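# Chain and residue survey
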Amino acid sequence: MLARISRRLAGLLATLVAASFVIFAAVYAAPGDPAVFLAGGRDKLTPEKLDLVRAQYHLDEPLVVQYGRWLGDCLHFDLGRSFKYGDQVADLVSARFPTTLALVAYATVLFVVLGVGAGILAAVRRGTWIDSAVVGGTTLAASVPSFVSAIALVALFGVQLGWFPVSGSGEGIAGGLHHLTLPALSLALGALALISRVTRQSMVDAGTADHVEAARASGIPESEIVRRHILRNALGPIVTMCGLVMAGMLAGTVVVETAFGISGVGSLLVGAINTHDFPVAQAVLLLMVTGYIVVTTLVDLVHPLLDPRVKEAAA
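These notes cover the structure that comes with them. The shown structure was predicted, so the numbers you read here are calculated from the model rather than taken from an experiment.

What counts and what doesn't
Residues numbered from 1 in each chain as written. Predicted model: local features only at pLDDT ≥ 70, side-chain atom pairs only at ≥ 80, totals over all residues. Heavy atoms only, no water. Helix = DSSP H or I, 4+ residues; strand = E, 2+ residues; numbered from the N terminus. Buried < 20%, exposed > 50% of the residue type's maximum accessible area, 1.4 Å probe, protein only. Areas by Shrake-Rupley, 256 points an atom, 1.4 Å probe, with all protein chains shown as cover. Salt bridge = Lys/Arg side-chain N within 4 Å of Asp/Glu carboxyl O. Phe/Tyr/Trp six-rings, centres within 6.5 Å; stacked < 30°, edge-to-face > 60°. Patch = residues over 30% accessible without salt bridge, like charges linked within 9 Å, V, L, I, M, F, W, Y side chains within 5 Å.

## Structural notes on the overall build of the protein
For the protein, the helix and strand inventory stands at 13 helices and 0 strands. For the protein, the proportion of its 315 residues judged to be buried stands at 38%. Accessible surface for the protein amounts to roughly 16800 Å². Of this, 66% is attributable to carbon and sulfur atoms.

In structure tokens:
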């Protein structure tokens, strides 16, 4: 087990280093010269002034040298200073990250509870109108982009019915839940459809096992068979998929936060890209990639604990 954890951690670190280089290189390959922005615009700019700005911010150094300097600063928790705001990037990200984290957590609760519940219901009532309704509803939900669902939710529940606010993140626990309900639901709809399908298929596969048929033949109540034998054996794929979907939701917040006017890291990333604020864009992208890699690694480590068959296969 220790050797397996060590291999996963080594792979995590290698992936983070490779991803950080790709992020750094991709941001600097974007159109636009950061020196022009730092110098205050294109009016009355001379080549000498641009050279001074590039030397001040080390933009005249080779890409590999700039990356090494940036990576060393990141390891010391120094993410640089924003070109636009002039503040430390770490302060900007830390001020907005709790809102994004709350949005992702809320959406995760929604798609886990509703998605797993719908999948279990469809599997238990397989072949009935309930199964058809769940499959049809999840197919429709999966085909709708998040920005379209966001507009529809705002129009229905925010404008026409007036049940929920359409912008902001609210104050306090009750205010936050009230403001984040529509964004979280918009973010969770596609994930809910995916999780319900995975849950249904895993339950159906687990229900065909020999020990399940033997349990039915022995007269054990169906509810107990579903809880103790079918659902328990189907948890591995369900938990794995839930972890992967949750890890990818950090990137999904970009569209939802922009649509609902939420001041999170997603909207911060959009503003940084539009204004060529490279340090902020690099920090937010690195945070998203790090969160995805860490969560997927944890899921990979937990999976054998939920399904002993995976552990035996690995051995």
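## Some remarks on the pattern of salt bridges
Two side chains carrying opposite charge are able to pair once their charged atoms lie near each other. For the structure shown, the criterion picks out 1 salt bridge. Linking Arg200 and Asp131 is a salt bridge whose minimum nitrogen-to-oxygen distance equals 2.8 Å. With Arg200 in helix α8 (residues 172–207) and Asp131 in helix α6 (residues 129–143), this residue pair connects regions lying 69 residues apart in the sequence. The same class applies to Arg200 as to Asp131, namely buried.

## Looking at the packing of aromatic side chains
Here the structure, examined in full by the defined rule, presents 4 aromatic pairs. Ring plane angle 90 degrees and centroid distance 5.1 Å describe the contact between Phe21 and Tyr67, whose orientation is recorded as edge-to-face. Taken as a pair, Phe21 in helix α1 (residues 2–28) and Tyr67 in helix α4 (residues 63–75) lie far apart in primary sequence, 46 residues in all. Ring plane angle 35 degrees and centroid distance 5.3 Å describe the contact between Phe24 and Trp70, whose orientation is recorded as tilted. In this pair, Phe24 is assigned in helix α1 and Trp70 in helix α4, connecting sequence segments 46 residues apart. In terms of burial, Phe24 and Trp70 fall into one category: buried. What links up through ring pairs into an aromatic cluster is the set Phe21, Phe24, Tyr67 and Trp70.

## Here we look at a nonpolar patch on the surface
Together, Leu140, Val144, Phe147, Val148, Ile151 and Val255 give the surface a local cluster of nonpolar side chains, amounting to about 510 Å² of exposed area. Within the secondary structure layout, Val148 lies in helix α7 (residues 146–160).

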